[in-house]
Each structure stands twice: as structure tokens, then as C-alpha cells.
Amino acid sequence: MKRRLIWYGEDILRAISEDIKEIDDDIKILIDDMFETMREVHGIGLAAIQVGIAKRLIIVEVTSDYSDDNKGYKFAMINPKIIEKSPDMMIGEEGCLSLPEIREDVSRSQYIKISYTDIDGKENIIEAYDLIARIIQHEMDHLDGIVFVDRVEEHHRRRMKKDLRDLKRESKKRAARH
Ligand code: ZN
């Protein structure tokens, strides 16, 4: 079932998500719903808080529309933790399903090592580079109430000010309709 995406301006997007203690049916359904919700809007990553659930869960799925090199990359990560990150940074443009139409450059570590639990309850450690590292860092920020515009450099933030104000206003109206 498709769920309503939370937009920038709704308070819950700033919540700190909690660890998932048990992978029950609710969590499995949530994962399915998140993939369905993300695919419909052609996203490549989504955190549970973006559908209003403050639990430490992110999904990533890259299709060939987005990147041929990384296509087929699909993960649901429960309680992900970054256990290593490179000091080498990369700048790249990001967008977010919670901030439609806003795109800006963000600096991220080029390499990360992450531990997470999968849907079967198994612990995994993986390494990620470039685009995948960027998506995971972006989604993991959501678990701590951080959105990518918080990480945009100050002189670019000024340029976004009006767009963010407009989005906040639109978002409040949209939330009130539900
Ligand atoms: Zn996002």
C-alpha cells in the first residue's frame, strides 16, 4: 500500500527515529509499502520517517533510469550504522522526496562502511562508494531528523531560502487536507 510522503515543514520529519527491536509483520509490511511509495515517484532512497514512522529503517533501490552502473542495487537496512567513513569528500547534487523540486550540491564522504540488520534478522556489513554511499548517508541523516538542505553550504542556502519558505507553506496546507 502506498503511503503518504511527509514533506519538509511537517514537524515529524525532524523526529529522531528509534531502533527497531523486533522485525515483525508491521515492519515487513512497512518495507513493502516504502518500496511501493518510492517507486511511484521514481525515488532511489527513502527513510521510514518520510512516511511518518520514526523507526531506524532505510531503503535504497537504483534503477537503470538513474544509473546504469549501479542498477539493480536494492537494500532494506534496519538499524543501519556507519562504522567507517572516508575523509575524502565528494560534492554532488541531491534531491529528496520530502522536498520536491529542490536540488542542491551536498558534500558527502566518498566511501562508507555500514552495518545493518536485514529483513531476515541477519547482521551485515557492507562497503559503499560514490552514488550508493551518497544515498545511504542522505537516508541515514533522515533517521536523525536531518535533511539535505541542512548540509548545503551557507552561501547556497541563501539562494534556497524563498523556495524552502514556499515549500513549508504548501506543506502545511497539504498536511491539513489529510
Ligand atoms: Zn531525503
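Residues numbered from 1 in each chain as written. Predicted model: local features only at pLDDT ≥ 70, side-chain atom pairs only at ≥ 80, totals over all residues. Heavy atoms only, no water.

Q: For this particular structure, what's the right way to read the pairing of strand E2 (residues 57-61)?
A: Sheet faces and side chains relate simply in a regular strand, where the side chains alternate between the two faces. Within E2, five of the five residues are buried, which leaves the element mostly enclosed by the surrounding structure. Alternating residues of E2 divide into Leu 57, Ile 59 and Glu 61 and Ile 58 and Val 60, and every residue in both groups is buried. Of the strand pairs in this sheet, strand E1 (residues 45-47) and E2 are connected by three bridges, and their pairing is antiparallel. Looking at E2, one finds that Gly 45 is bridged to Val 60. As paired strands, E2 and strand E3 (residues 74-85) are joined by five bridges and run antiparallel to one another. Residue Val 60 lies in a different strand from E3, and its bridge partner there is Phe 75. (Buried < 20%, exposed > 50% of the residue type's maximum accessible area, 1.4 Å probe, protein only. Helix = DSSP H or I, 4+ residues; strand = E, 2+ residues; numbered from the N terminus. Pairing = 2+ DSSP bridges.)

Q: Explain the environment of Ile 78 to me, please; I cannot follow it from the model alone.
A: You can see Ile 78 is positioned in strand E3. Remark: the alpha-carbon pair of Ile 78 and Ile 6, spanning 72 residues in sequence, is separated by 20 Å. The contact partners of Ile 78, leaving out residues within four places of it in the chain, are Ile 20, Ile 23, Ile 27, Ile 31, Arg 56, Leu 57, Tyr 116, Thr 117, Asp 118 and Ile 119. (Contact = heavy atoms within 4.5 Å.)

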